[in-house]
Amino acid sequence: PEVVEACAATGAHYLDTTGEQDWVMAAQDRFGASFAEKGLLLSPGIAQMYTTGEIAANIALETPGLDTLDILVLWKGFPTYASIQTIFTILKAEWFHLQENQYVKVDPLSKWDVVVPGQHELGLTVPWGGTCHPVWFKNDPRVANVKVAGGVMNRTVMEAVVATTASVESDIKTLPRDQWDDALAKVADQWAQGMPPRENPRLNISVDSVHASGPLGRKHVVIHGNSNYKQTGLMQAWAAMSLLQQP
């Protein structure tokens, strides 16, 4: 929040890669109006895990009459240590989907078997903190419903994610609130595996799939990618370049 406040005070745009839903909602509520008044961009969550799915959704929404987005965000590989730390912070928050243009709380223990485009094996997914897609599309007049499922393609890892989430709910969230951060940090450290092969295009791949539907039709858009962290860097660079070219 301090960096956002500094940007507003100095007239600078704000971008980040942190698409955790609670932060995106807080940024919008606390700073959205002041940034809009000054003609500044406030855009958390410019990253492969969020922006690529948004691009797929907007391609689907080019078809008129679609108001429901069923979004799947998957990648192969493993997050970096810093990403793991960030992921575990979302376990403290409540998560939401968008239903009839209202935020609806998601059970943190939810899990879904999903059909993954491009392979025969089913994937196992979780709400992944709700993601920022429901926040992005809440004020879009075309969209009324947004549900997001996410995770990694390795089913064994996802089964461990489900078990860890259940453990957090039963063993950590029952502790006094001021003990949550330290307890979550210890669990996150157990997941750290050193630097993953994040730039290997054969191992670090991504799939973003959006089923858009509504009274007038259906549309399915899939974006296959690789090197997720490079994608994120490119998105940040492109956004900065675009802002610098504004009059």
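All residue numbers here refer to positions counted from 1 along the written sequence of the relevant chain. Local features in this predicted model are restricted to residues whose pLDDT is 70 or higher, and side-chain atom pairs enter the listing and the counts only when it is 80 or higher, whereas totals over whole chains, interfaces and linings include all residues. Heavy atoms from the whole structure form the basis of all side-chain values; hydrogens and water molecules are not counted.

With respect to the overall build of the protein chain
To qualify as a helix, a DSSP run of H or I must reach at least 4 residues; to qualify as a strand, a run of E must reach at least 2; elements of each kind are numbered from the N terminus. The helix and strand inventory of the protein chain stands at 8 helices and 10 strands. For the protein chain, the C-alpha atoms occupy an extent of roughly 50 × 45 × 40 Å along the three principal directions. Split into buried and exposed, the 247 residues of the protein chain put 46% on the buried side. Counting only contacts in the protein chain whose residues sit at least 6 apart along the sequence, the fraction spanning at least 24 positions is 73%. Remark: exposure states derive from per-residue accessible area (1.4 Å probe, protein chains only) relative to the maximum for the residue type, with buried under 20%, exposed over 50%, and partly exposed in between. Working rule for contacts: check all heavy atoms of both residues, and any pair within 4.5 Å makes them a contact.

Considerations on the packing of helix 3 (residues 48–60) against helix 8 (residues 228–244)
The packing of two helices is summarised by the inter-axis angle and the distance between the axes. Axis definition: a line fitted to C-alpha atoms, over the contacting stretch in the case of helices. Angles run 0 to 180 degrees between N-to-C directions. Orientation of helix 3 relative to helix 8, taken along the N-to-C sense of each, is 70°, at an axis distance of 9 Å. With respect to helix 8, the axis of helix 3 lies roughly perpendicular. Of helix 8, the residues touching helix 3 (which contributes Gln48, Thr51 and Thr52) are Asn228, Gln231, Thr232 and Met235. In the contact of helix 3 with helix 8, the residues fall into 1 nonpolar, 6 polar and no charged. Geometric relationships in this document are graded by angle, where less than 35 degrees denotes roughly parallel, more than 145 denotes roughly antiparallel, 65 to 115 denotes roughly perpendicular, and other angles denote oblique. Amino acid classes used here: Ala, Val, Leu, Ile, Met, Phe, Trp, Tyr, Cys and Pro are nonpolar; Asp, Glu, Lys and Arg are charged; the rest, including Gly, are polar.

Digging into the packing of helix 1 (residues 2–10) against helix 2 (residues 21–37)
Taken N-terminus to C-terminus, the directions of helix 1 and helix 2 make an angle of 15°; their axes are 11 Å apart at the nearest point. In terms of their interaxial angle, helix 1 and helix 2 are classed as roughly parallel. Considering only the axes of helix 1 and helix 2, their crossing is right-handed. On helix 2, the residues that touch Val4, Glu5, Cys7 and Ala8 of helix 1 are Trp23, Arg30, Phe31 and Phe35. For the contact of helix 1 with helix 2, the per-class residue count stands at 6 nonpolar, no polar and 2 charged. Rotating anticlockwise by less than a right angle from the far helix to the near helix defines a left-handed crossing, while the corresponding clockwise rotation defines a right-handed one.

Observations regarding the pairing of strand 6 (residues 112–115)
Across the two faces of strand 6 the burial differs, with Trp112 and Val114 buried and Asp113 and Val115 not buried at all. Adjacent in sequence and paired antiparallel, strand 6 and strand 7 (residues 122–125) are bridged by 6 residues, among which glycine 118 carries a positive phi angle near 95°. In this description, strands pair whenever DSSP reports at least two bridges between them.

Concerning the pattern of salt bridges
The salt bridge criterion pairs a side-chain nitrogen of Lys or Arg with a carboxyl oxygen of Asp or Glu, the two atoms within 4 Å. Enumeration over the complete set of coordinates arrives at 6 salt bridges. Residue arginine 30 pairs with glutamate 5 through a salt bridge whose shortest N-O separation is 3.8 Å. Highlighted residues: arginine 30 in helix 2 and glutamate 5 in helix 1, separated in sequence by 25 residues. Among the residues examined, glutamate 5 registers a relative accessible area of 40% and is labelled partly exposed. We note a salt bridge from lysine 105 to glutamate 94, for which the minimum N-O separation is 3.1 Å. Of the two residues, lysine 105 sits in strand 5 (residues 102–106) while glutamate 94 sits in the loop between helix 4 (81–89) and strand 4 (95–99), which places them 11 residues apart along the sequence. Taking the relative accessible area as the measure of exposure, glutamate 94 reaches 46% and is therefore partly exposed.

Observations concerning the pairing of strand 3 (residues 68–75)
Counting buried residues in strand 3 gives 6 out of 8 residues, a clear majority hidden from the surface. The pairing of strand 3 with strand 8 (residues 145–152) spans 8 bridges and is classified as parallel. In the sheet register, tryptophan 75 faces strand 8, and the bridge partner there is valine 152. The pairing of strand 3 with strand 9 (residues 205–214) spans 8 bridges and is antiparallel. Bridging from a neighbouring strand, leucine 72 pairs with serine 209 of strand 9.

Remember that the coordinates give geometry; whether it matters functionally is a separate question.
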